[in-house]
Structure formats: C-alpha cells, structure tokens
Amino acid sequence: MIIRSITAPNPGPFTLDGTRTYMLGETAVIDPGPAIDSHVEAIRAAMPRLRTILITHRHADHAPAAVPLKSATGARIIAPPGVFGAVDQRVDGGELIDVDGQSIEVIPTPGHTYEHVCYFSSDGDLFTGDTVLGAGTTTIFPPDGNMRDYVESLRRLRALNPRRIFPAHGPVREDAVALLDEYIAHRLEREQQVLNALRSGRKTIADLRALIYPDLSRELRAAAEFQVKAHLEKLAAERRVKRSDEQYELVTSITDQAG
Ligand SMILES: [Zn+2]
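Note that the coordinates shown come from a computational prediction; the quantities given were computed from them, not determined experimentally. (Residues numbered from 1 in each chain as written. Predicted model: local features only at pLDDT ≥ 70, side-chain atom pairs only at ≥ 80, totals over all residues. Heavy atoms only, no water.)

S.K.: Before we move on, could you go through the coordination of the zinc ion and cite the residues and values that matter?
M.R.: On the protein side, the zinc ion has H57 (NE2), H59 (ND1), H112 (NE2) and D130 (OD) as donor atoms, found 2.1 to 2.2 Å from it. Coordination at the zinc ion is irregular, judged from the four donor atoms that bind it and the angles of 90 to 161 degrees they form at the metal. For the zinc ion, the donor residues sit on a single chain with the sequence spacing H-x1-H-x52-H-x17-D. Within this pair, whereas H112 is found in the loop between β8 (102-108) and β9 (117-121), its partner D130 is found in the loop between β10 (125-129) and α3 (147-159), the two being separated by 18 residues in sequence. What makes D130 buried here is its relative accessible area of 6%. (Donors = N, O, S within 2.8 Å, 3.2 Å for Na, K, Ca; no water. Tetrahedral: all angles 85-135°; square planar, octahedral: opposite > 155°, others 65-115°. Helix = DSSP H or I, 4+ residues; strand = E, 2+ residues; numbered from the N terminus. Buried < 20%, exposed > 50% of the residue type's maximum accessible area, 1.4 Å probe, protein only.)

What follows is the structure in structure tokens.
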C-alpha cells in the first residue's frame, strides 16, 4: 500500500513541525489533524476517494479535522472512546480494519492518553500517533497520561516487531525496533534518575525536577514536572515509592528473612 503524508500548519514545542496526517492508499487517513481549512482542503484534494478516517486519540492536534472531512465526503470515522461524538466505529484494541483489501490491526496503547490506540498494517508498518514520535520524546500528563501503562504499551509495540514507524510528529523511522528499544530505555533511565534523586533526599516534585532537568526554560518546567509526577505515580503503584501530602520518599525494602 502506498503511504503518503501531509503535515498540518501547526508547528510547536509538542507538535514539532506539525501533525502528520497519513494517507493509506486511496481511501483511508490516519489522524486527520487540526480543523484548519487549508489542511482539510489539502487532504480532500489528495484523497478524492476518502472512505475511512482513523484516529489514534482525542487531542486537538489529531482528531478535529475528522468532522469537516466526514461531512464533505461521508467517510466513516473509526476512533477509540474519548474522541468526540460523531464516531461510526469505536475501537479499543484487537479490531481488524479493512483498507483497500489490506488489514490494519488496532493496538491498545494507553499511556500518552488513557484511550490512545496505534494502527499496525499487515505490511509491518506501525502508525504510532503520539505514543512514539519521530524525534524527541512524548509527554505524559497524569492523570490522563499514565507512565506504567505507557511503558507497557511500548513493550507491546516492540513485541509486534514492526518494520517502520510512522509517527504523528517528526520523520518516518526505518529503525522501528531500535527506536522502541531506545524509548523504553529512556523511560527506565528517567525512572532511575527519579529514584536516585529521592535517595539523595529530594522529596517534592519541584525539587526532583530541578535536579533531573537542571537547565529548563521556565515555560518547559511545568511539563517536566508532569513527567516527574508520572514516574512517581508509576513507582507508587509498584509500591516502590510512598507519598504523604506533596512529599515522596522511597519505600525501604523489606528483607525477606523467612526465605
Ligand atoms: Zn496527543
């Protein structure tokens, strides 16, 4: 299947050079993007036979163009729960969707948001939305985002042994498995930094952030603190960290003397 893309004119610190809308063959798009007129028109012009609109998650830089595209073309919208109302088919993982005779599997990937799904073609091409980006890392904002689910989702994607990754932001990656390994290693390294910072006596999210991300501009600090919080919540769910008020500390390991 021929895969083309159009990048929406919405560049920014989280969207990189903009949202990439992928066009699968002649009839399907993944992540139609923001409802910017010029972007919607570009998709319509490139896809005169559009039948299917697939959405990875509900964020405003991914889903809204589905509405004008559907009303202009009558295409069906396929999306996970949490995406606005006008959806023809809800998916949350395991479904197979036919696109021009090729099957696309829905892979559940909660983590960036609770409802996020990825799409995996029978050719081995993986469409990752915001779960894996072509450059840099994605953001996890709890409580919608969940680091424990996220790392598990990355491992699920790694187990698919994909050939190529088509991210919603940043370039296509031919080194799909190596990129997923790097993504998993990066999160585990950050987790280790959080553990080390707690061991050094830092207790609050702001203090942990200052140690782990020392040189951040002011506008990126809040996002970094959400990443620290996401790691702390993962560790708390695993009973490796405990929280009281706004302070976190390591759970002292219990030596198992009973054998
Ligand atoms: Zn997103």
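S.K.: Could you give an account of the pattern of salt bridges, with specific residues and numbers?
M.R.: Here the idea is simple: oppositely charged side chains can pair when their charged atoms come close. This model, assessed by the stated rule, comprises 17 salt bridges. A salt bridge links K234 to E238, with the nearest nitrogen and oxygen atoms 3.0 Å apart. What makes E238 partly exposed here is its relative accessible area of 24%. Connected via shared salt-bridge partners are R148, E191, K234, E238 and R240. (Salt bridge = Lys/Arg side-chain N within 4 Å of Asp/Glu carboxyl O.)

S.K.: So what's going on with the layout of surface pockets? Residues and values would help.
M.R.: Taken as a whole, the largest pocket spans an internal volume of roughly 610 Å³. Elements supplying a minimum of two residues to the lining of the largest pocket: α4 (176-199) and α6 (218-237). Among the elements that line the lining of the largest pocket, the one with the most residues is α6, at five residues. Taken together, the residues of the lining of the largest pocket sort by class into 11 nonpolar, 13 polar and five charged. (1 Å grid on protein atoms, 1.4 Å probe; cavity = no way out; pocket = protein on both sides within 12 Å on 5 of 7 lines; lining within 4 Å. Points joined across faces, edges and corners; volume = space filled by probe spheres on them. Nonpolar A, V, L, I, M, F, W, Y, C, P; charged D, E, K, R; others polar.)

S.K.: Run through the side chain of H57, naming residues and quoting values.
M.R.: Tracing the backbone through its elements, the reader meets H57 in the loop between β4 (52-54) and α2 (66-73). Assessed through its relative accessible area of 0%, H57 is described here as buried. A distance of 2.9 Å separates the side chain of H57 from the side chain of T56, its partner in a polar contact. Separated by 3.3 Å, the side chains of H57 and H59 make a polar contact. Once residues within four sequence positions are removed from consideration, H57 is found in contact with D31, H62, A63, P80, V83, H112, T113, E115, H116 and D130. (Polar contact = N/O pair within 3.5 Å; in protein donor to acceptor, adjacent residues only side chain to side chain. Contact = heavy atoms within 4.5 Å.)

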